[in-house]
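Understanding the architecture of this molecule
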Amino acid sequence: MNVLGLDIGTTTLCAVITDSDSGAVLCARTAPNGTDLANTADYERAQQPDVILKRCLALAEELCEQYAPVAAIGVTGQMHGIVYIDRDGKAVSPLYTWQDESGNQPFSGTESYAAHLSALTGYKMASGFGLCTCYVHTVQNRVPEGAVCICTIHDYVAMHLAGRTTPVMHTSDAASFGLFDLKALSFDTAAIKKAGLSAALLPEVVRDFTVIGTYNGIPVTCAIGDNQASFIGSVSDMENSVLVNMGTGGQVSFLTGSAEDPGLEVRPCCGDKYICVGASLCGGRAFACLEKFLRSCAEIATGQKIDSAYPGMDRFLAGVPSVSDPLTVDTRFAGTREAPALRGSIQNIGTENFTARHLILGTMEGIVAELLDMYNASDHAEHATLVCSGNGLRKNDALRNLFGLRFGMQTVTPVHKEEAAYGAALSALTAAGLKDSLSHAQALIQYQK
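The structure displayed is predicted, hence computed values, not measured ones.

Our focus in this paragraph is the environment of Cys134. With respect to the helices and strands, Cys134 occurs in helix 3 (residues 130-139). Distance from Cys134 to Glu260, taken between C-alpha atoms, is 26 Å for residues 126 residues apart in sequence. Not counting residues within four places of it along the chain, the set of residues in contact with Cys134 comprises Ile82, Tyr84, Leu197 and Leu201.

With 4 bridges joining them, strand 15 (residues 211-215) and strand 16 (residues 218-221) adopt antiparallel strand pairing. Within the sheet, the bridge partner assigned to Thr214 lies in strand 16 and is Pro219.

Time to look at the pairing of strand 19 (residues 250-256). Of all 7 residues that make up strand 19, 6 are buried, and the element is covered over most of its length. Where strand 18 (residues 241-246) lies against strand 19, 4 bridges are found, and the strand directions are antiparallel. Bridge pairing in strand 19 places Met246 opposite Gly250. Linking strand 18 back to strand 19 in an antiparallel pair, the connection comprises 3 residues. Here strand 19 pairs with strand 21 (residues 273-280) via 7 bridges, running antiparallel. Residue pairing in the sheet places Leu255 in a bridge with Ile275 of strand 21.

Our next topic: the sheet that holds strand 19. Ordered in space as 20-21-19-18-24-25, the 6 strands form an open sheet in which the pairing is mixed. On the outer flanks of this sheet lie strand 20 (265-270) and strand 25 (410-412), each paired with one strand and no other. Geometrically, the sheet is characterised by an average inter-axis angle of 30° between neighbouring strands, direction not taken into account. The strands touched by helix 12 (residues 397-407) within the sheet are strand 18, strand 19, strand 24 (385-389) and strand 25, with strand 24 carrying the most contacts at an inclination of about 155°.

In a disulfide, the sulfur atoms of two cysteines are covalently bonded to one another. Applying the stated criterion across every chain, the model contains 0 disulfides. With no disulfide partner, Cys64 has as its closest neighbouring cysteine sulfur the one in Cys27, 11 Å distant. On the accessibility criterion, Cys64 (10% relative accessible area) is buried. No disulfide involves Cys269; its sulfur sits 3.9 Å from that of Cys270, the nearest cysteine.

Enumeration according to the criterion identifies 9 salt bridges in this entry. A salt bridge links Glu260 to Lys183, with the shortest nitrogen-to-oxygen separation between them at 3.1 Å. On the criterion of sequence distance, the pair formed by Glu260 in the loop between strand 19 and strand 20 and Lys183 in the loop between strand 12 (180-181) and strand 13 (186-187) is long-range, its members being 77 residues apart. Taking the shortest distance from any N to any O, the salt bridge between Arg400 and Asp397 comes out at 2.6 Å. Taken as a pair, Arg400 and Asp397 lie in helix 12 at a separation of 3 residues, close to a single helical turn. Given a relative accessible area of 46%, Asp397 falls into the partly exposed group.

Calculation notes
- Residues numbered from 1 in each chain as written.
- Predicted model: local features only at pLDDT ≥ 70, side-chain atom pairs only at ≥ 80, totals over all residues.
- Heavy atoms only, no water.
- Helix = DSSP H or I, 4+ residues; strand = E, 2+ residues; numbered from the N terminus.
- Contact = heavy atoms within 4.5 Å.
- Pairing = 2+ DSSP bridges.
- Buried < 20%, exposed > 50% of the residue type's maximum accessible area, 1.4 Å probe, protein only.
- Axes fitted to C-alpha atoms, helices over the stretch in contact; angles between N-to-C directions.
- Disulfide = S-S within 2.5 Å.
- Salt bridge = Lys/Arg side-chain N within 4 Å of Asp/Glu carboxyl O.

Encoded structure:
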């Protein structure tokens, strides 16, 4: 039997067909999302939900036919963002993504909407959180006419795959909206009322992986957040492993049984289990910024444009590089969720270490240091294995090795590259009863040798 996993990302849409017996990925399809809307306010980041839905339905139809029989369908995608839907289950707004900056706009004086909502409710809210975006729309009287519910884009897709007109939201996504009681695993209706938001807009919330309907007779499970899906789809031993994911941003995640942690954000994972998460807004993007800088330097020096500086960076890194008198690079170039105005820095610059080599190594150290500081600030058990995922680590051996060295753990990398889609598939195997537990489903994960 096969299982389909869909991952609706900010930049790409991904689908995998996984063999439920061996865990092998039989097919992987990745396509650009390409639905960004340009005719919005400068601070808004929006996409077209019905174009995304149409593409996902086409993928599901094609792959379910080609790889029949498909026993279950799991869905994941970009967390935090919201789409408003009407009573027929149709979108009546764009998808306002996790990158939306509405919450950082001034509410009164120098106080932002996110800061005001945080003070009002006692919850730490940030721009891009679904209920922060909804709060801005509510205050500005911009909630769409006819809207009866809000959900994530992957809730929206799963709902339509399952033949429903109302979404079902997993706690992994509900918590990403904000104003969510982690201990009760439900929205805090008192805080929502205090903010002047309509609790009627909130969808049904479930804490377990649940079948919510069928697509041509195939069970469809409730969608889950992509951070949790990547964790589930990458880590075979959740008790003893840490996941580091490096894409546009960076994340460090590990399992916990507590709803509270002194240093990291706690997010629901499955049932009564949580994951501690530290997220950098400029993880892999810091390396991309460095490449852009080096490319511009080469063009100034030679008078000719070059396609990419990565080949030269890769040649340098392939030689087990080291430098004396290293630079200290703070790679928080895009700030943090708590301090969006914060910017990075380069320190210890002298006459002998102001070189591209020093800058390359300093940037990598900065990327690692930001996540390691988050990990060390947390109250956690000892971990033995560092699972590395995301293209930022798969394509950069030097960065992956540096993570292992600084964290003091053995590093492993999953064989499959589509970690979130794979995790969605494993959640579907569990929900549909094809595996009697999530840990048994995760036993299918294989690592590179």
